[in-house]
Amino acid sequence: MQRPVNRIDPNLPVQAYQTYSITTPRDTLVKAACEQVACQAWTHGWESVIDETTDLGAKQAAYIRTQAGRTFREQRTAAGLTVFRFDSRQRCFADHRTRPELYAVRDGDWRGNPTGRTRKHTRAIDWVEDFGEHQQRIADQQQKG
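The model shown is predicted, which means the values in this text are computed figures rather than measured ones.

Engineer: Tell me about the environment of Ala79, residues and numbers included.
Structural biologist: Along the chain, Ala79 falls in the loop between strand 4 (72-76) and strand 5 (82-86). Separated by 28 residues in the primary sequence, Ala79 and Asp51 place their C-alpha atoms 9.4 Å from one another.

Here it is as structure tokens:
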């Protein structure tokens, strides 16, 4: 059961308000970049230890050396394994998924959207900038009186 919402009665008509929202759709996953999901390999770098005496290991090492397109240093262990040390801030080998966020600005408030107008930002930074500019306009109007 959802908790009832306590709201302060607005002083102005619904047309005087804008509502900023961030929502995530249910049951939706999208492919995401390492940076978006705070991937530890992307943040700190990582090591892949490969046994090149196996078919799989030989194929993995060949892929890393010739096709992976990532920056790495290569070493051999005393046990004969190959250690690939990858620098940070580059895409790892995992497929990351995340829930998308929808950044919206609509006219009105909880009482409704009288104009039906809604703007959707594709990037969080744009939504934050829009919100900040809106807050500044309100502050400027208050200062003018």
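Engineer: Outline the sheet that holds strand 5, listing residues and values.
Structural biologist: Strand order in this open sheet of three strands is 3-5-4, and the pairing throughout is antiparallel. Of all the strands in the sheet, just strand 3 (46-50) and strand 4 have a single pairing partner and so form its edges. In this sheet, neighbouring strand axes are inclined to one another by 20 degrees on average, regardless of whether the strands run parallel or antiparallel. Packing of helix 2 (residues 55-66) onto the sheet brings it into contact with strand 3, strand 4 and strand 5, and relative to strand 5 it is tilted by some 35 degrees.

Engineer: A description of the pattern of salt bridges should follow, citing residues and the corresponding values.
Structural biologist: One pass over the full model with this rule turns up eight salt bridges. Residues Arg117 and Asp107 are paired through a salt bridge, measuring 3.2 Å at the closest nitrogen-oxygen approach. In this pair, Arg117 sits in the loop between strand 7 (102-107) and strand 8 (118-121) while Asp107 sits in strand 7, placing the two residues 10 residues apart along the sequence. With relative accessibility at 12%, the residue Asp107 sits in the buried group. Of the charged contacts in the structure, one is a salt bridge between Arg119 and Asp130, with a shortest N-O distance of 2.6 Å. Taken together, the residues span a long stretch of sequence, with Arg119 in strand 8 and Asp130 in helix 3 (residues 124-144) at a distance of 11 residues. Through salt bridges with shared partners, one network takes in Glu52, Arg65, Glu74 and Arg76.

Engineer: Lay out the side chain of Asp109 in plain terms, naming residues and giving numbers.
Structural biologist: Relative to the helices and strands, Asp109 is located in the loop between strand 7 and strand 8. Looking at Asp109, its side chain comes within polar contact range of the main-chain nitrogen of Arg111, at 2.8 Å. When sequence neighbours within four positions are dropped, the list of residues in contact with Asp109 reads Pro10, Val14, Tyr17 and Thr19.

Engineer: Residues and numbers for unusual backbone geometry, please.
Structural biologist: One can expect most non-glycine residues to show negative phi and most peptide bonds to be in trans. Not every positive phi belongs to a glycine, and Ala38 is a case in point at roughly 55 degrees. For Ala38, the location among the structural elements is in the loop between strand 2 (30-32) and helix 1 (40-44). Even without a glycine there, the phi angle at Arg89 is positive, about 65 degrees. Note that Arg89 resides in the loop between strand 5 and strand 6 (96-98). Judged by its relative accessible area of 58%, Arg89 falls in the exposed class.

Engineer: Would you mind going over the side chain of Gln90 in detail, with residue names and values included?
Structural biologist: Position of Gln90 relative to the elements: it lies in the loop between strand 5 and strand 6. Residue classification places Gln90 among the buried residues on the basis of a relative accessible area of 12%. Engagement of the side chain of Gln90 in a polar contact is seen with the backbone oxygen of Thr71, the distance being 2.7 Å.

Engineer: Could you give an account of the packing of aromatic side chains, with specific residues and numbers?
Structural biologist: The tally for this structure, following the rule as stated, stands at 10 aromatic pairs. Ring centres 5.4 Å apart and planes at 75 degrees place the aromatic pair Phe72 and Phe84 in the edge-to-face group. In this pair, Phe72 is assigned in strand 4 and Phe84 in strand 5, connecting sequence segments 12 residues apart.

Cut-offs applied
- Residues numbered from 1 in each chain as written.
- Predicted model: local features only at pLDDT ≥ 70, side-chain atom pairs only at ≥ 80, totals over all residues.
- Heavy atoms only, no water.
- Helix = DSSP H or I, 4+ residues; strand = E, 2+ residues; numbered from the N terminus.
- Pairing = 2+ DSSP bridges.
- Axes fitted to C-alpha atoms, helices over the stretch in contact; angles between N-to-C directions.
- Contact = heavy atoms within 4.5 Å.
- Salt bridge = Lys/Arg side-chain N within 4 Å of Asp/Glu carboxyl O.
- Buried < 20%, exposed > 50% of the residue type's maximum accessible area, 1.4 Å probe, protein only.
- Polar contact = N/O pair within 3.5 Å; in protein donor to acceptor, adjacent residues only side chain to side chain.
- Phe/Tyr/Trp six-rings, centres within 6.5 Å; stacked < 30°, edge-to-face > 60°.

So far we have only geometry, and geometry alone does not tell us how the molecule works.
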